[in-house]
Amino acid sequence: MERCLMENLGEQKGQGVFISGKIAAVRDHGKLLFIDLYDRTGSVQCFVPGSHSMFAEAQKLSPESVLTLTGKVQERPEKNRTEGLNGDVEFVVEELTVLAKAQELPFDLDMADLNLDTRFDYRPLTLRRSDDRAVFRVQALIAQGFRDYLTSQGFVEFQAPKIVGGDAEGGAEVFPVDYFDVKASLATSPQLYKQIMVGVFERAFCIGNVFRAEKHSTSRHLNEYTSMDFEMGYITDHTDVTSMLEGVVRHMVATVAEKGERELAVLGAALPTFPEKPFPIVKLVEAQEIIKKEFGDDCVGEPDLSPEHERQLCEYALKEHGSDCIFVTHYPTEKRPWYTYDDADDPGYTKSFDLLFRGVEITSGGQRVHEYDALVRKIKEKLPNIDPEKEFGFYLQAFQYGMPPHGGMGLGLERFTAKILGLANAKEAAIFPRDRNRIDIRLYEQ
Ligand code: AMO
């Protein structure tokens, strides 16, 4: 006999089958016992009669114990039916095998109201909560949507290295690594490698962990996060990248809508609102004018938007354009990395952009400098104390030997997941979060 998954039990009414799964709850009524058993597809109420030879042992089982049950699927009496999967059936246990016993749990998995620290202290256990399972299934769908869309557009996936000789961004704080006898660091971004890959495949993407050593304590920052990046050649300017990104975002959301219905319901999450027209796109200066006009906050001329300004601009985009997304372009040259392309028509500003989603920046990107001489010049301007060939010679080879005009972007998977699902903190969307106080366990006594 083959294992029957919970989602298929309804088709087995009156039949003998075997199921395997974990105990969600045990309800002991003295002379009979109910066990809610769940597997990856759903759950079912199982019924152990008092006469069963394993009755006494079953009474002692803790939630999360792992069982295989043989028995029959029968209709539940009308008055005991519930909504949802298997609400109209129950499983009458004939044989019960304990595959693994769970110790008594430190808290009720689904019912306990746990603070973030406790959730992370017990991560191997709390990831099994229905909410957390739903979050990370949705996250997997987001990554799948990213992959599928870009693959369909002719992009090739590659694996970017995580140990690098310098700092890919030339600005972010790095975690140093002892690499045999020399100093190396953990990559803060696949930036240089994805650009190199444009010279190879024209269109390339990667999904991988990156490491940022800033000592942030915010709801948006992690010290290790998953960066979803793409880079594309033969562009006219940054708007080719924003268009591609818009397609990616819409497809990721469509994938979640299509395949994550159950998870969205578990989390009570509402899908984003997108306009039929393209996402709104404004220059930074225009965004600042809007914020001044709409919210009375004069930030015109500042080099960047503050978190509060990002929130306000998104509020405006939803109200005026029916869009949870808005692109902001043309950040000043001084605020963007040296690989960013300057806009000759708008001196002092770059062909760069951020994508804001539900109040938070989820993406940075832009057109890149693709000519060797211009690139060396920009590195020297931004980083006057380094020798570009010495520090970036490996990367610069790509430009010495011909690179098409290109651009790309990086999107933080945890931030995006948190915003899709309405989670207050990006750490809740980090499966094993690393922040300044934690690598799995807390680093300091509190
Ligand atoms: P940037 O540094 O802006 O750009 O990062 C791009 C996106 O990555 C996410 N992100 C983070 N998420 C969690 N914790 C952090 N500490 C963190 N830092 C960044 C955000 C952000 O929008 N190389 C460029 C991208 C490019 O131009 O292609 C870069 O890394 O969602």
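It should be noted that the structure appears before, not after, this text.
To keep things clear, this report deals only with the structure shown in the data block. Quantities reported herein were computed from a predicted structural model and do not represent experimental measurements.

Along the protein chain, the regular secondary structure elements total 12 helices and 19 strands. When its C-alpha atoms are laid out on the principal axes, the protein chain stretches across 85 × 55 × 45 Å. In the protein chain, buried positions account for 51% of the 446 residues. Put simply, of all contacts in the protein chain between residues at least 6 apart along the chain, 65% involve residues at least 24 apart.

Following the criterion strictly, the structure yields 1 cavity of 30 Å³ or more and no others. Taken as a whole, the largest cavity spans an internal volume of roughly 50 Å³. Surrounding the largest cavity, 13 residues form its lining, A160, K162, P190, N209 and V210 being those nearest its centre. Of all the secondary-structure elements, those providing two or more residues to the lining of the largest cavity are β10 (203-211) and β11 (224-233). In terms of residue count, β10 provides more of the lining of the largest cavity than any other element does, 5 residues in total.

A separate point is the state of the cysteines. Per the counting criterion, the structure on display carries 0 disulfides. Not part of a disulfide, C4 finds its nearest cysteine sulfur in C46, a span of 11 Å.

Let us now look at the layout of surface pockets. By rolling a water-sized probe across the atoms, one finds the places where empty space is left. In this model, the largest pocket occupies a volume close to 1300 Å³. Contributions of two or more residues to the lining of the largest pocket are made by α5 (191-201), β11, α9 (307-321), β14 (352-357), β15 (360-367), β16 (406-412) and α12 (413-421). Of the residues in the lining of the largest pocket, the class split is 14 nonpolar, 17 polar and 17 charged. Lining the second largest pocket we find 36 residues, and of these Y38, S43, D110, S130 and R133 sit closest to its centre. Looking at the lining of the second largest pocket, the elements that each hand over two or more residues are β1 (16-28), β2 (32-39), β3 (42-49), α4 (130-152) and α7 (261-267). Residues of the lining of the second largest pocket, tallied by class, amount to 14 nonpolar, 8 polar and 14 charged.

On to the sheet that holds strand β8 (residues 176-179), then. Strands sit in the order β7-β9-β8 across an open sheet of 3 strands; the sheet is antiparallel. Edge positions in the sheet fall to β7 (163-164) and β8, since each of these pairs with one other strand and no more. Here β7 runs beside strand β9 (residues 182-186); their pairing, made up of 2 bridges, is antiparallel. Across the sheet, residue I163 finds its bridge partner in β9, namely L186.

A few words now on the pattern of salt bridges. Going through the model one piece at a time under the given rule, you end up with 33 salt bridges. Put simply, R250 and E246 hold a salt bridge, and the shortest N to O gap is 3.0 Å. Placement of the pair is R250 and E246 together in helix α6 (residues 238-259), with a separation of 4 residues, close to one helical turn. Close ionic contact of D342 with K378 constitutes a salt bridge, the shortest N to O distance being 3.3 Å. Placement of the pair is D342 in the loop between β13 (325-329) and β14 and K378 in helix α10 (residues 372-382), with a sequence separation of 36 residues.

Within the secondary structure layout, R119 lies in helix α2 (residues 116-121). Judged by its relative accessible area of 12%, R119 is buried. In this structure the side chain of R119 is engaged in a polar contact, spanning 3.4 Å, whose partner is the side chain of D132. Non-local contacts of R119, meaning those with residues more than four positions away in its chain, are made with L114, T126, D132 and E428.

On to the side chain of T350. Inspection of the secondary structure assignment puts T350 in the loop between β13 and β14. Classification of T350 by relative accessible area gives buried; the value is 0%. Side-chain polar atoms of T350 contact the side chain of S352, separated by 2.7 Å. Once you skip the residues sitting within four places of it in the chain, T350 turns out to touch H330, Y331, P332, T333, R336, T340, Y341, D342 and D343.

What counts and how
- All residue numbers refer to positions counted from 1 along the written sequence of the respective chain.
- Local features in a predicted model are, by the rule used here, given only for residues with pLDDT of at least 70; side-chain atom pairs are given and counted only at 80 or more, and totals for whole chains, interfaces and linings are based on all residues.
- Water and hydrogen atoms play no part in the side-chain values, which are based on all heavy atoms of the structure.
- A helix here means a DSSP run of H or I that spans at least four residues, while a strand means a run of E at least two residues long, and both kinds are numbered starting from the N terminus.
- With a 1.4 Å probe rolled over the protein chains alone, any residue whose accessible area is under 20% of its type maximum counts as buried; one over 50% counts as exposed, and the rest are partly exposed.
- Any two residues having at least one pair of non-hydrogen atoms within 4.5 Å are treated as being in contact.
- A pocket, in this scheme, is an open set of points on a 1 Å grid over the protein atoms alone with protein on both sides within 12 Å along at least 5 of 7 lines, while a cavity is a set where a 1.4 Å probe fits but cannot get out; residues line either one if an atom lies within 4 Å of a point.
- Grid points are joined across faces, edges and corners, and a volume is the space filled by probe spheres set on the points.
- In plain terms, two cysteine sulfur atoms within 2.5 Å form what is called a disulfide here.
- Residue polarity is assigned by list, with Asp, Glu, Lys and Arg as charged and Ala, Val, Leu, Ile, Met, Phe, Trp, Tyr, Cys and Pro as nonpolar; anything else, Gly included, falls into the polar class.
- Strands are treated as partners if at least two bridges between them are detected by DSSP.
- Put simply, a salt bridge is a Lys or Arg side-chain nitrogen that is within 4 Å of an Asp or Glu carboxyl oxygen.
- Any pair of N or O atoms that falls within 3.5 Å is considered a polar contact. Within protein, one atom must be able to donate a hydrogen and the other to accept it, and sequence-neighbouring residues count only if both atoms are side-chain atoms.

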